[in-house]
Every structure is written in structure tokens, then in C-alpha cells.
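Take a look at the letters that make up each chain.
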Amino acid sequence: METAELAAGLLAERTAGLREEIRPLRTARYKGRPGEAVALEEIPVYCLCPHHLVPYFGEAQVRYVPRSKVAGPSSIARLVRDLALTPRIQENLTQAIADQLESSLEPGSVEVTVRARHLCAEMRGVEQRVQFVTEARRAGRA
């Protein structure tokens, strides 16, 4: 019985995004030089594949060129974590991160890269360890 309760708790935790709204990014006013970039690297990613409910995990990298707003590193890391709490394919997770950053910060540009290992490929199917890389880019609006 304990195993079933622990498994249910894990699934409830890792699928919380299906039941909760994404919190908006906290932003701050920014006055910098045009073209200067902000980058966050090695943001942990833990998400479930929606096809098998098996984890994939790795790291995200976010880079953006601010115009008039920035967000703190904790806010961006929280955004990545919260978006990963909905089972989704890695391609969609990467796009969702970029879309949220673009709409919240209205930056000059956004680049998001996610590198992850997929246990659905390692435990079944080809049974091979590979690193899957997805990228999303958004050009700023004029």
C-alpha cells in the first residue's frame, strides 16, 4: 500500500501543471544598452513524457535581450520548473518557455535550449542513452 501511495503522490506532484495556472513572471524595469543579453544556464528540467508517463530530465538554457523589463534568475527558473509540471513532449516544453518569456518580458529576442535524457528511449524502445536537444527562438516585435 505504501508504494501505491508514494507513486500516486509523485504523479500528482509531477502533473500539478494540469491543475494549476502558471504564475506570471515578476519583472523589473530595465535601462540597459541595446543588444546586451541576459543568460541563465543549467536550469534543471524534470518532465514526464505524455506518451509513457516516463521522465525525461536535463537542463535548460535561456538567453534574452531585454528592452524595458528583466526577470530575476529565480523567476525564470521557477517558470521552467512550473512549465515542466505538465506532461508534454520536449519540443512543446521548449516552445512554451520561449512563449512565456516573450509575452512577459517583451524582449528584443529570446533563445531557449533544452538538453535532456529520455528514459522512454533508455528503458524501452531502442534502449539507448541519447541526449535530445530542442531549441526555440523568438525575434522581438518592433
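Up top you'll find the structure we're talking about.
Within any chain, residue numbers begin from 1 and follow the written order of that chain's sequence. Whole-chain, interface and lining totals are the exception, using all residues; otherwise, since this is a predicted model, local features are given only for residues with pLDDT of at least 70 and side-chain atom pairs are given and counted only at 80 or more. Remark: hydrogens and water are excluded; side-chain values derive from all non-hydrogen atoms of the structure.

Chemist: Residue-level account of the overall build of the chain, with values.
Modeler: Helix and strand definitions follow DSSP, with helices as H or I runs of at least four residues and strands as E runs of at least two, each counted in order from the N terminus. If you tally the helices and strands in the chain, you get four helices and six strands. Mapped from its N terminus to its C terminus, the chain presents α and β elements in the order α-β-β-β-β-α-α-β-α-β. Taking the principal axes of the C-alpha coordinates as reference, the chain spans close to 55 × 30 × 20 Å. Per-residue accessibility, obtained with a 1.4 Å probe over protein chains only, is compared with the maximum for each type, and a residue is labelled buried under 20%, exposed over 50%, and partly exposed between these values. Per-residue burial over the chain gives 38% buried out of 142 residues. Whether two residues are in contact is decided by their heavy atoms, any of which lying within 4.5 Å being enough. Summarising the internal contacts of the chain: among those between residues at least 6 apart in sequence, 69% fall at separations of at least 24.

Chemist: Run through the sheet that holds strand β2 (residues 38-48), naming residues and quoting values.
Modeler: Here the rule is simple: two strands pair whenever DSSP picks up at least two bridges between them. Pairing in this open sheet of four strands is antiparallel, and the strands run β2-β3-β5-β6 from one edge to the other. Taken across any chain shown, the strands that pair with only one partner, and hence form the sheet edges, are β2 and β6 (131-139). Adjacent strand axes in the sheet meet at a mean angle of 15°, parallel and antiparallel pairs treated alike. Both strand β5 (residues 109-118) and β6 contribute to a ladder of nine bridges, which runs antiparallel. When the sheet's bridge partners are listed, arginine 115 is paired in β6 with valine 133. Orientation is described by lines fitted to C-alpha atoms, with helices fitted over the stretch in contact, and by angles between N-to-C directions that extend from 0 to 180 degrees.

Chemist: Account for the environment of threonine 3, naming residues and giving values.
Modeler: Among the secondary structure elements, threonine 3 is positioned in helix α1 (residues 2-14). For the pair threonine 3 and alanine 136, spaced 133 residues apart in the sequence, the C-alpha separation amounts to 38 Å.

Chemist: Would you mind going over the pairing of strand β3 (residues 55-65) in detail, with residue names and values included?
Modeler: Relative to β3, β2 is paired through nine bridges, and the arrangement is antiparallel. Residue pairing for β3: leucine 48 is matched across the bridge by proline 55. Adjacent in sequence and paired antiparallel, β2 and β3 are bridged by six residues, among which leucine 53 carries a positive phi angle near 55°. As paired elements, β3 and β5 share ten bridges and run antiparallel to each other. Across the sheet, valine 62 pairs through a bridge with valine 112, a residue of β5.

Chemist: Before we move on, can you summarise the nonpolar core with the specific residues and values?
Modeler: For our purposes a nonpolar core is just a set of buried Ala, Val, Leu, Ile, Met, Phe, Trp, Tyr and Cys residues, chained together by side-chain atoms within 4.5 Å. Among the nonpolar cores identified, the biggest contains 27 residues, and Val62, Ile76, Leu93, Ile97, Leu101 and Val112 are the most heavily contacted of them. Elements that contribute at least two residues to this core include exactly β2, β3, β4 (69-71), α2 (73-83), α3 (90-105) and β5. No other element matches α3, which puts six residues into this core. If near-sequence neighbours (up to four positions away) are discounted, valine 112 is found in contact with Gln61, Val62, Thr94, Ile97, Ala98, Leu101, Thr134, Glu135 and Ala136.

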